[in-house]
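# Architecture at a glance
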Amino acid sequence: MYKKISDKNDKYARGQLSLDDPYMSLGDALDKDVKKEIDEMKLTQRERHLMFGLVEWFKIVECLDNACQTVNDISLRWFGEYEVLPGSYYIELGQGGFQSVVDVLHKGLPDQCIKYNKKVQRIVWNRVKGEGSEVKDRLVSIETTDGENSLADHVLVTCSLGYLKENVANLFQPAVPKDKKLAIEKLGFGTVDKIFLQFEKPFWDKDVDALSFVWDYEFPVSKAQVEHEGDTNLEMQESVEEIKNTWHKKVCGFETVDGHSDVLVGWIHGKEAEFVENMDADEVKETCVKLLNKFTGKEIPKVTKMILTRWKSDEYARGSYSYISVGAKGPDVDTLAQPMYMTTENNEKIPQVLFAGEATTRKFISTTHGAFTTGEREAVRLINFYQQN
């Protein structure tokens, strides 16, 4: 049922179905179609609650994929632009993880080419050679907080959209074009964290690759319904106290980790993830053990180690990845990806500041391979520039 509805929603972005309201969210469409489908099943009240609980599980997975708070944040019109690569859903990199990819790329670079622990304070582009001069300087200046000033022919900006949202006003001189600034503001960016638990011994069967947690729910009230009915007493934003009591329900399950037979990893998103980042580690661990016990009915072995990612707390990330939110459009991603050009006195356009990263690709937004391919895209852009000039 959910796949049938999801496939239908994909068609809006592909132009196969028309959409009367361009600002309609994925959540509104899901609630409408899910209720219709379940009503036609003629289920008992208990079965209905379980079915809606399963739908809520799928919604949480959708939020994890998009790093949003709820599916009401996702633009229905642009939701289906994302493309799934062929092959296995999981790509195992072994115990080296993504570091192994970085290590391979690093082998071809001289050590002196990389500067570490340098926080960029300002990127000065479209400069002139001196005060009062009309002659453009082809070099870009990169100022770091330690007072160092480096010059480059081109600068490739790959920081997260979350970092840009908080720092774009002061990071560039002159400021970025208005359309790029607006795109940065409109596109969605959120938090997804992982909770790794290592146990004294595995308690799950060898053929199990995931443990999913489905809660019993009544039909959820959508944001659109609240606005339509004018119910001002229903708070759509959870308070800190509510999150404290319910964050565990955003952990939709745990998965096994390739190469680590005694480790499980759970996922959590949104404000609940941000809340967990600031929780006492023992409390997080104990709650996760209780969840595993509740849903498996098994005695859970001692947790010997826990690792919790904290992407929102990371000052250089400020979250995890991007999505096309309600009010934003696919072309906003293209606008963010566009270089900032300097036009010389000879009317030559030089791509001085370029942009890459997962937020700059419509097809592969939110993914590592999306970030990787955009880096290749900008390398090709520079190669073409020099071949033509």
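See the structure shown above.
So, here's what we can say about the structure.

Of all hydrophobic cores here, the largest spans 27 residues; its most connected members are Phe172 and Val353. Going through the elements one at a time, strand E4 (140-144), strand E6 (155-157), helix H6 (161-171), helix H12 (330-337) and strand E16 (349-355) are the ones with two or more residues in this core. Apart from residues lying up to four places away in sequence, Val353 is in contact with Ile123, Trp125, Val155, Val157, Phe172, Pro339 and Met340. Ranked by size, the runner-up nonpolar core spans 24 residues in total, among them Leu197, Trp247, Val276 and Cys288.

To continue, consider the pairing of strand E1 (residues 120-124). Remark: a regular strand shows side chains that alternate across the two faces of the sheet. Both E1 and E4 contribute to a ladder of four bridges, which runs antiparallel. Following the sheet pairing, Val124 is matched in E4 by Ser141.

Attention now goes to the packing of aromatic side chains. In total, this model carries nine aromatic pairs according to the counting rule given. Summarising the aromatic geometry, the rings of Phe199 and Phe203 are spaced 5.2 Å apart at their centres and angled 80 degrees between planes, so their arrangement reads as edge-to-face. With respect to class, Phe199 is no different from Phe203; both count as buried. In this structure an aromatic cluster arises from ring pairing among Phe213, Trp215, Phe254 and Phe295. Between Arg77 and the ring centre of Trp78, over which it is positioned, the NZ or CZ distance is 3.9 Å. The aromatic ring of Trp215 is capped on one face by Lys249, whose charged end is 4.8 Å from the ring centroid.

At a minimum axis distance of 9 Å, the contact between H6 and helix H7 (residues 178-186) shows a crossing angle of 120 degrees. Taken together, the axes of H6 and H7 are oblique relative to one another. When you trace H6 past H7, the crossing you get is left-handed. Residues Leu161, Leu164, Lys165 and Val168 of H6 touch H7, and the partners they reach there are Ile184, Glu185 and Lys186. The class makeup of the residues in the contact of H6 with H7 is four nonpolar, no polar and three charged.

Each value, and the rule that gives it
Residues numbered from 1 in each chain as written. Predicted model: local features only at pLDDT ≥ 70, side-chain atom pairs only at ≥ 80, totals over all residues. Heavy atoms only, no water. Core = buried A, V, L, I, M, F, W, Y, C linked by side-chain atoms within 4.5 Å. Buried < 20%, exposed > 50% of the residue type's maximum accessible area, 1.4 Å probe, protein only. Helix = DSSP H or I, 4+ residues; strand = E, 2+ residues; numbered from the N terminus. Contact = heavy atoms within 4.5 Å. Pairing = 2+ DSSP bridges. Phe/Tyr/Trp six-rings, centres within 6.5 Å; stacked < 30°, edge-to-face > 60°. Lys NZ or Arg CZ within 6 Å of the ring centre and 35° of its normal. Axes fitted to C-alpha atoms, helices over the stretch in contact; angles between N-to-C directions. Parallel < 35°, antiparallel > 145°, perpendicular 65-115°, else oblique. Left-handed = near helix turned anticlockwise from the far one by under 90°. Nonpolar A, V, L, I, M, F, W, Y, C, P; charged D, E, K, R; others polar.

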